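The residues making up each chain are set out below.
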Amino acid sequence: MSTIPPLLETRGLTMRFGGVVANDDVNFALEEMELRCLIGPNGAGKSTFFKMLTGQLTPSEGRIRFRTYPIAGNLPHQIARLGIGIKTQIPNVFNGLSVRENIWLAAARAARRDASTIRAKAIVDDVLERIMLPHLAEAIVGQLSHGQRQWVEIGTVLAAEPELILLDEPAAGMTDEETVRTAEIIREINKNRALIVVEHDMEFIKMIAKKVTVFHQGRIMMEDSVDAVLADSRVRDVYLGKKVAA
Amino acid sequence: MSASVKLSLQVVAILVACVAVAVMPVAVDLFQLMQFTLFASMAVLALSLGFIWGFGGILCFGQTAFFGLGAYAYAVAAINFGDSTPAILLAIIVPALFALALGYFVFYGRISDVYLGVITLTVTLILFNVFNSMAGDAYKIGTARLGGFNGMPAVPTFNMPFDPSSVLFPEQSWYVTGGALIAIYIGLRLILRSPFGRVAIAVRENETRASLLGYDPRAIKLGVFVLGGAIAGFGGALYVNWGAFVGPTIFSLSLSAEIIIWICIGGLGTLIGPIVGCFIIEYLISQIGSQQSFNSNLVLGAILIVFVLLLPKGLVPTIRLLLEGAGRLATKGRGQAPNAAPDLSAGQPVGAE
Ligand SMILES: Nc1ncnc2c1ncn2[C@@H]1O[C@H](COP(=O)(O)OP(=O)(O)OP(=O)(O)O)[C@@H](O)[C@H]1O
Ligand SMILES: [Mg+2]
């Protein structure tokens, strides 16, 4: 039994859209500094779960606690200021602005917490380096490839320096090389931050994962180590046709 | 276009505009100078909507509400105080507070963009009806009669700060109005370079992303909206200074629509565009009005259709694209762009006068 309270905890979290129950009584806990992978077939409710954690959706029922703060139903900017950052499934960037401006907007908000403008610039340069886009710093984001836009978004999340980072399918649309680099970045972030990563790509999961939570029809079906989850027959069943073969 | 080229073009434009304002009284006759004074006060109104729509993403169909409130606030205060100095301040503060109240209701009430247009339009109609019906002795603020549909005639025009005895001459009024237009343009440029302006543009680009980074889109939009209201109100004071009169038709829908046409023609998402559009359209309307051979609304409609079909981005962005193309050609060729570019760019502000 750990005596340290979890970083994030949900109790009975439920989201209904009319008759559709997208999340059904989800009880979830994440430790400080933990890296968790979330998998599950299409429509399992993973993105809906993230939207409730970040205030984009107000849960129909249930509680969410981040550190000591109850955050269910808070507005996105309030939750962001507490230190939760998200890369959404559908790329969410400032398409009309340059890469540098995108990152700066995130860094400026983070630097405001300790009232330093010099720090914002340092963060921007550091993040550009980490997402390997310094040569495209002045490019307009809307004109970049899908994979590069994904990285810009990951860059904005990093620059905001959140305590907890949520990544919804970060490797989607990336080349193999870019995917490997993304896995590297995730492991690097995890040295001093907690993350939850949603992915379908099992090879990718194997590169980064420790503990895996499986969503199915809005519920948590199973929660265990990577190997145990990939070996489970029920998981194979719900992923029928997907490449689960471990 | 690179940031430094853009900046130097803006500086050139400002310098040309300053020179134009300075020499105008000797270049044209008094009647024309008065007309340009009117256009410049309207251009302040154009700038206010160009800012909140083009950079804040807020399409307000009733920007005349703030223009009109500013005009009435100025008139009432100028009549009561006999000095235009506090009246000008009130013409800024009253519409700004009104924008604050209205904007709070709209943005914090999570009312969608479509309804924002409807609500601002409705508010303008209500204001028109309210001011239109306040005729008679009962409707007085201090010594100022609001005059209902007759409006308020003989409003004191601008005087030297805190010196009601020295009323401005038409030339001086032109300097004040043209100078104010340039000052507001520069002020907005500076705001757009400040952190607040950059975040406002980010909210326009992607509200969800901005909020997920910790910015409150409601507060940002409210700030932009209030600033737009304050500028429009100031434009209202300049307008009354021009005509010494204000009536309820200042809240008319046709003026509200005209502002949107100025911006569409000049170019949304630029600050020069709305000014250029305003001067061109208002000049055309005044020319048509004096000829009597065409209906000005018909011509206005035709111009708008031509622009929407042929130059949907508007004049200024189109010229900017042409410049970029010319610049690229020139750098490929023998590098004659340095001559060509400033010539063309100088055409923008000259057209604006
Ligand atoms: N705004 C909404 N209105 C109605 N139904 C919704 C809405 N958002 C999600 N749903 C439904 O909720 C369920 C869960 O959707 P969600 O996007 O969370 O799944 P997911 O696990 O992220 O799937 P994927 O792997 O395809 O991204 C789906 O059945 C979806 O159709
Ligand atoms: Mg999803």
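Residues numbered from 1 in each chain as written. Chains lettered and ligands numbered in written order. Predicted model: local features only at pLDDT ≥ 70, side-chain atom pairs only at ≥ 80, totals over all residues. Heavy atoms only, no water.

Identification of chain B as Branched-chain amino acid ABC transporter permease from Jiella flava is taken from an unreviewed UniProt entry. A UniProt comment under Subcellular location (unreviewed entry) is attached to chain B, and it reads "Cell membrane". (UniProt positions renumbered as here; feature names shortened; annotations may be inferred.)

In the nomenclature of an unreviewed UniProt entry, chain A corresponds to ATP-binding cassette domain-containing protein from the organism Jiella flava.

A. Structural view of the pairing of strand β4 (residues 61–66) of chain A. Residue and element names in this part refer to chain A. Here strand β1 (residues 8–17) pairs with β4 via 5 bridges, running antiparallel. Bridge assignment links Thr10 to a residue of β4, and that residue is Ile64. As judged from the 2 bridges shared by β4 and strand β5 (residues 69–70), these two strands associate in the antiparallel manner. Each bridged residue has a counterpart across the sheet, and for Phe66 the counterpart in β5 is Tyr69. Hairpin geometry of β4 and β5 is characterised by an intervening segment of 2 residues between the two adjacent antiparallel strands and by a positive phi of about 50° at Arg67. (Pairing = 2+ DSSP bridges. Helix = DSSP H or I, 4+ residues; strand = E, 2+ residues; numbered from the N terminus.)

B. Layout of the pairing of strand β3 (residues 35–39) of chain A. Residue and element names in this part refer to chain A. A large share of β3 lies buried, amounting to 5 of its 5 residues. Neither face of β3 is exposed, since Leu35, Cys37 and Ile39 on one face and Arg36 and Leu38 on the opposite face are all buried. As paired elements, β3 and strand β8 (residues 194–198) share 4 bridges and run parallel to each other. Looking across to β8, one finds that Leu38 is bridged to Val198. Inspection of the sheet shows β3 paired to strand β9 (residues 211–216) by 4 bridges, in the parallel sense. Bridge pairing links Arg36 to Lys211 in β9. (Buried < 20%, exposed > 50% of the residue type's maximum accessible area, 1.4 Å probe, protein only.)

C. Region of the structure containing the coordination of the magnesium ion (ligand 2). Residues and elements named next belong to chain A. Coordination of the magnesium ion (ligand 2) by the protein is provided by Ser47 (OG) and Gln89 (OE1), with metal-donor distances spanning 1.9 to 2.0 Å. Residue Ser47 is located in helix α1 (residues 46–53), and its partner Gln89 is located in the loop between β6 (84–87) and α3 (99–113); the two are separated by 42 residues in the primary sequence. A relative accessible area of 19% means that Ser47 is categorised as buried. (Donors = N, O, S within 2.8 Å, 3.2 Å for Na, K, Ca; no water.)

D. Just the side chain of Arg149(A), in detail. Residue and element names in this part refer to chain A. Residue position: Arg149 is located in helix α5 (residues 146–159). For the buried Arg149, which has no salt bridge, the nearest side chain bearing the opposite charge is Glu153, at an N-O separation of 7.8 Å. In contact with Arg149, other than residues within four places in its own chain, are Pro91, Val93, Asn95, Val141, Gly142 and Leu144. (Lys, Arg positive; Asp, Glu negative; His and termini not counted. Salt bridge = Lys/Arg side-chain N within 4 Å of Asp/Glu carboxyl O. Contact = heavy atoms within 4.5 Å.)

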